[in-house]
Each structure stands twice: as C-alpha cells, then as structure tokens.
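Chain by chain, the residues run as shown.
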Amino acid sequence: MSTADLAGNSVIQRRLHEMIRVDHAGEAGAVRIYEGQLAVFRAAKPRAKIVRDLEHMAEDEAVHLDAFNKVVAERGVRPALLNPLWGAAGFAMGAATALLGEKAAHACTAAVEEVIDEHYQAQVRELDSEPAESELRDMVEKFREEEVAHKEKALAEGAEEAPGYPVLSSAIKAACRLAIRVSEKV
C-alpha cells in the first residue's frame, strides 16, 4: 500500500469517526429531548395521546442510540466531548417546548427532524461512495426514514400552529446545526 493510499484511508477513517461521533451525540440528544417533553406532559395534566406519541418516538430514538453505542464501541470512536452539555440542553429544550404546549412540543420535533433528515441525507450520499460502508449507510438511511416519520407526525399534529412557530422552528434548527458542526470535531 502506498503512502497516498495510507493517507487516503486515514482521511476516510477520520471522516467516518466524525460521522459516527455526531450521529451518536444527536441520538443521545434526541433521547433527552423526549425525556424532557415526557417529564412535563406526564407531570402536568397527563395527556394520553401526546404521551403515547412521544413515547413511541422516544423508543425509536433509544433504538438509534443503542445502535450508535455499539458502532462507537466496535470502531473505537471517541464520543463527542460535549455530550453532557448536549444532554442537558436537549432535556431543557424538550421541557421548555412542552411547557409551551403540545403544538410547541411538536414544533420542536418537526424542526429537529428536518435538520436530521438533511444531515442524514448528506451522510447517505457520502457513504454511497464507500462500498465497504454499506452496512453503516443502510443503518443511517433506515434511521433517516424513521426521523422523517417523526417529522411528518409532528406536522400532522399541528406543529406549525405553535405560537411563534417560525421563530421557534428557526431557533431550534440553528441550535441543531451548531451542535452537529461542533460534535463532529469536539
């Protein structure tokens, strides 16, 4: 193997580690968002339908997190150093949007999942050029499809009717994009 091949493999490995690190951090953050929302909706005036919907989405996110926990361990990927911060921020975002009401909680889901859909689409395209990574590519695509289903459910439940939806949605999307960029490297 030539020096150029070794350097190329090193770049690919570094990029794969960045992908896995950020996806692991994102799924951990998503779990915490739902934990925050569920804490509010279960404690306040329990609302069976939204609790059921959120529990279903939280279960999907827990499956995604478990899968990325395994990939992180198998490949020796260093988790994002700011995971504790993202976890606290995720819980706070979930709780805050739930305190604003069901529609705001759905707005949070719709915004987060829109960014994750874009993020996972880009990763799938990138992984398409790495045939040896077909298993990781397929996992990311499967999770992307589940995230899109969460977004569609949130929109169907009135996410866009949340008070201040454009501002709320834009702020959540910006926070998610920032967390993605930082988590790739830190």
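Look above for the structure.
Residues numbered from 1 in each chain as written. Predicted model: local features only at pLDDT ≥ 70, side-chain atom pairs only at ≥ 80, totals over all residues. Heavy atoms only, no water.

Engineer: Summarise the overall build of the protein chain; cite the residues concerned and give the values.
Structural biologist: Secondary structure summary: the protein chain contains six helices and zero strands in total. Helices (α) and strands (β) of the protein chain occur, in sequence order from the N terminus, as α-α-α-α-α-α. On C-alpha atoms alone, the protein chain measures out to a radius of gyration of 17 Å, which is about the 16 Å that the 2.2 N^0.38 rule sets for 186 residues. Seen through its principal axes, the protein chain has C-alpha atoms that stretch 65 × 30 × 25 Å. Buried positions account for 47% of the 186 residues belonging to the protein chain. Looking at the protein chain alone, contacts between residues at least 24 apart form 84% of all its contacts between residues at least 6 apart. Accessible surface, the protein chain: about 9200 Å² in total, of which carbon and sulfur atoms supply 60%. Here the protein chain holds 23 positive side-chain charges and 32 negative ones, and the gap between their average locations is 4 Å. (Helix = DSSP H or I, 4+ residues; strand = E, 2+ residues; numbered from the N terminus. Rg over C-alpha atoms; globule rule 2.2 N^0.38 Å. Buried < 20%, exposed > 50% of the residue type's maximum accessible area, 1.4 Å probe, protein only. Contact = heavy atoms within 4.5 Å. Areas by Shrake-Rupley, 256 points an atom, 1.4 Å probe, with all protein chains shown as cover. Lys, Arg positive; Asp, Glu negative; His and termini not counted. Charge placed at Lys NZ, Arg CZ, Asp CG, Glu CD.)

Engineer: Account for the packing of aromatic side chains, naming residues and giving values.
Structural biologist: Per the stated rule, a full pass over the model turns up one aromatic pair. Consider the rings of Phe 68 and Phe 143, whose centres lie 5.9 Å apart with planes at 65 degrees: the pair is edge-to-face. Within this pair, whereas Phe 68 is found in helix H2 (residues 48-75), its partner Phe 143 is found in helix H5 (residues 134-156), the two being separated by 75 residues in sequence. (Phe/Tyr/Trp six-rings, centres within 6.5 Å; stacked < 30°, edge-to-face > 60°.)

Engineer: Can you explain the environment of Met 57? Please cite residues and give values.
Structural biologist: Inspection of the secondary structure puts Met 57 in helix H2. A sequence separation of 36 residues divides Met 57 from Arg 21, and the C-alpha atoms of the two residues are 22 Å apart. Sequence-distant contacts of Met 57, defined by excluding residues within four places in its chain, comprise Tyr 34, Thr 109, His 150 and Lys 153.

Engineer: Could you give an account of the nonpolar core, naming the residues involved and the relevant values?
Structural biologist: If you look at the biggest cluster of nonpolar residues, it comprises 33 residues, and the most contacted ones within it are Ile 20, Phe 68, Val 112, Leu 136, Met 139, Val 140 and Ile 172. At the level of elements, helix H1 (3-43), H2, helix H4 (102-127), H5 and helix H6 (165-185) are the ones that each hand at least two residues to this core. Leave out the neighbours within four places in its chain, and Leu 136 touches Leu 16, Ile 20, Phe 68, Arg 75 and Leu 127. (Core = buried A, V, L, I, M, F, W, Y, C linked by side-chain atoms within 4.5 Å.)

Engineer: Describe in detail the pattern of salt bridges, supporting the description with residues and values.
Structural biologist: According to the stated counting rule, one finds 21 salt bridges in the structure shown. With a closest N to O distance of 3.4 Å, Arg 15 and Glu 184 form a salt bridge. With Arg 15 in helix H1 and Glu 184 in helix H6, this residue pair connects regions lying 169 residues apart in the sequence. Residue Arg 15 is classed as partly exposed on the basis of its relative accessible area, which comes to 22%. (Salt bridge = Lys/Arg side-chain N within 4 Å of Asp/Glu carboxyl O.)

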